[in-house]
Amino acid sequence: MGVFSVLRIAGSALTAQRLRMTVAASNIANAETTNTPTGGPYRRTSVVFSPIQQSPLSVGARTESAAGGVQVHSMIQDQAPPRMVHDPNNPDADPDGNVAYPNVDLVTEMSDMLAASRAYEASVTMINVSKSMAQKALEIGRL
Amino acid sequence: MDPVSIGKRLLEVSQPTPSGQGASKLADSFGHALAGAVDSLDQTQRAADDGAMKLAVGDQVELHDVMLAQDRASMSLELAVQVRNKLVEAYQEIMRMQV
């Protein structure tokens, strides 16, 4: 439980939120992608987080296992059905002339982006506060 | 370190030894501790430098990781400066002592 554990934990949150932002950017960028190497339209991707289990944290005489930050557990693809648009001229159209567009909703992506940005800011605030705590501790004994 | 073990340590140090070995042992362990502290300080500074360099040449490195490394380095340096101030203070206090 060093001085830098807050920095490490908040740093893992920063990395995780940046990845979430990257995934949201990818979703928005591919909102109209009808052709992927695996076939079919692009599918909305989202990230799943899980805690990093750390060595037990000793609180006084007790030891408690505490989460030591966050990591990206997996990236999952949204299995919602694609948006069908009638466009017979599109090379990706099916025999009926319908084109499957990605199941990406711009409003959802924008709100996800805002949430990631706010979570990032919260972690940065956490880092700054813990740094100012450490600086206060260094003032002990200074006249 | 709990108060009991500190007390034991002090007792060991204050035991009279024939040829002043206690003092030299104490100075030795203190020197080791100081060298270790300076070494880890150097490591944090190197990590910060490394991160800044990687960022500058365009390596795959997260911006916030570099900033965190620099924060770590500056906090370690501040701690080292405070410890040094305390040591100098103690030294001057002893030098001012009337004998």
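Owing to the predicted nature of the structure, the values given are computational and were not obtained by experimental measurement. (Residues numbered from 1 in each chain as written. Chains lettered and ligands numbered in written order. Predicted model: local features only at pLDDT ≥ 70, side-chain atom pairs only at ≥ 80, totals over all residues.)

1. Considerations on the confidence of the model for chain A
Rule in force here: pLDDT is a residue-level measure of predictor confidence that goes from 0 to 100. For helices the rule is a DSSP run of H or I covering at least 4 residues; for strands it is a run of E covering at least 2, with both sets numbered from the N terminus onward.
For chain A, per-residue confidence averages 86 on the pLDDT scale, and 87% of positions sit at 70 or higher. Between the elements of chain A, mean pLDDT differs from a low of 57, seen in strand 3 (residues 62-64) of chain A, to a high of 93, seen in helix 2 (residues 106-138) of chain A.

2. Some words on helix 2 of chain A
All names here are of chain A. Let me state the cut-off plainly: Here a helix's expected span is defined as the number of its residues, less one, multiplied by 1.5 Å. The exposure scheme places C-beta atoms from the backbone and then counts, for each residue, the other C-beta atoms within 10 Å of its own, assigning buried at 20 or more, exposed at 12 or fewer, and partly exposed in between. Residues are defined as contacting one another if the C-beta atoms placed from their backbone atoms lie within 7 Å.
For helix 2, spanning 33 residues, the distance from its first C-alpha to its last is 48 Å, which sits close to the expected 48 Å at 1.5 Å a residue. Listing the buried residues of helix 2 in full gives Glu 109, Ala 116, Ser 123 and Ile 127. Those residues of helix 2 that are buried lie in contact with helix 1 (5-29).

3. Topic: the interface of chain A and chain B
Inclusion rule: Think of it as three bins: nonpolar holds Ala, Val, Leu, Ile, Met, Phe, Trp, Tyr, Cys and Pro, charged holds Asp, Glu, Lys and Arg, and polar takes everything else, Gly as well.
With 10 residues of chain A at the contact, the number on the chain B side is 10 residues. Of all elements in the fold, only helix 1 and helix 2 of chain A reach the threshold of two or more residues within the side of chain A that touches chain B. For the side of chain A that touches chain B, the element with the highest residue contribution is helix 1 of chain A, accounting for five residues. Of the residues assigned to the side of chain A that touches chain B, the class counts are five nonpolar, three polar and two charged.

4. Overview of the nonpolar core
Spelled out, the test is: By convention the nonpolar core is taken to be a set of buried residues drawn from Ala, Val, Leu, Ile, Met, Phe, Trp, Tyr and Cys and joined through C-beta atoms within 7 Å.
Membership of the largest hydrophobic core is limited to 12 residues, which are Leu7(A), Ile9(A), Ala10(A), Ala13(A), Leu14(A), Ala16(A), Val70(A), Ile127(A), Ala48(B), Leu68(B), Ala69(B) and Ala73(B). Sorting the residues of this core by element identifies helix 1 of chain A together with helix 3 (63-95) of chain B as the ones contributing at least two each. The element best represented in this core is helix 1 of chain A, accounting for six residues. The residues contacting Ala10(A), other than those within four sequence positions of it, are Ser123(A), Met126(A) and Ile127(A).

5. As for the packing of helix 1 of chain A against helix 2 of chain A
All names here are of chain A. Convention followed: The convention used is that axes are lines fitted to C-alpha atoms, helices contributing only their stretch in contact, and that angles between N-to-C directions extend from 0 to 180 degrees. Note on terminology: angles under 35 degrees are roughly parallel, angles over 145 are roughly antiparallel, angles of 65 to 115 are roughly perpendicular, and the others are oblique. Less than a right angle of anticlockwise turn of the near helix away from the far helix marks a crossing as left-handed, whereas a clockwise turn marks it as right-handed.
Contact geometry for helix 1 and helix 2: axes closest at 9 Å, N-to-C directions at 165 degrees. Relative to helix 2, helix 1 is oriented roughly antiparallel. Taken as a pair, helix 1 and helix 2 cross one another with a handedness that is left-handed. Counted together, Val 6, Leu 7, Ala 10, Ala 13, Leu 14, Gln 17, Arg 20, Met 21, Ala 24, Asn 27 and Ile 28 of helix 1 and Leu 106, Glu 109, Asp 112, Met 113, Ala 116, Ala 119, Tyr 120, Ser 123, Met 126, Ile 127 and Ser 130 of helix 2 form the full contact between these two elements. Here the residues of the contact of helix 1 with helix 2 are counted per class, giving 15 nonpolar, four polar and three charged.

6. Concerning the packing of helix 2 of chain A against helix 3 of chain B
Viewed as axis vectors pointing N to C, helix 2 of chain A and helix 3 of chain B meet at an angle of 10 degrees, and their least axial separation amounts to 10 Å. Overall, the two elements helix 2 of chain A and helix 3 of chain B adopt an arrangement that is roughly parallel. Counted together, Lys131(A), Ala134(A), Gln135(A) and Leu138(A) of helix 2 of chain A and Asp71(B), Met75(B), Glu78(B), Leu79(B) and Gln82(B) of helix 3 of chain B form the full contact between these two elements. The residue inventory of the contact of helix 2 of chain A with helix 3 of chain B, partitioned by class, reads four nonpolar, two polar and three charged.

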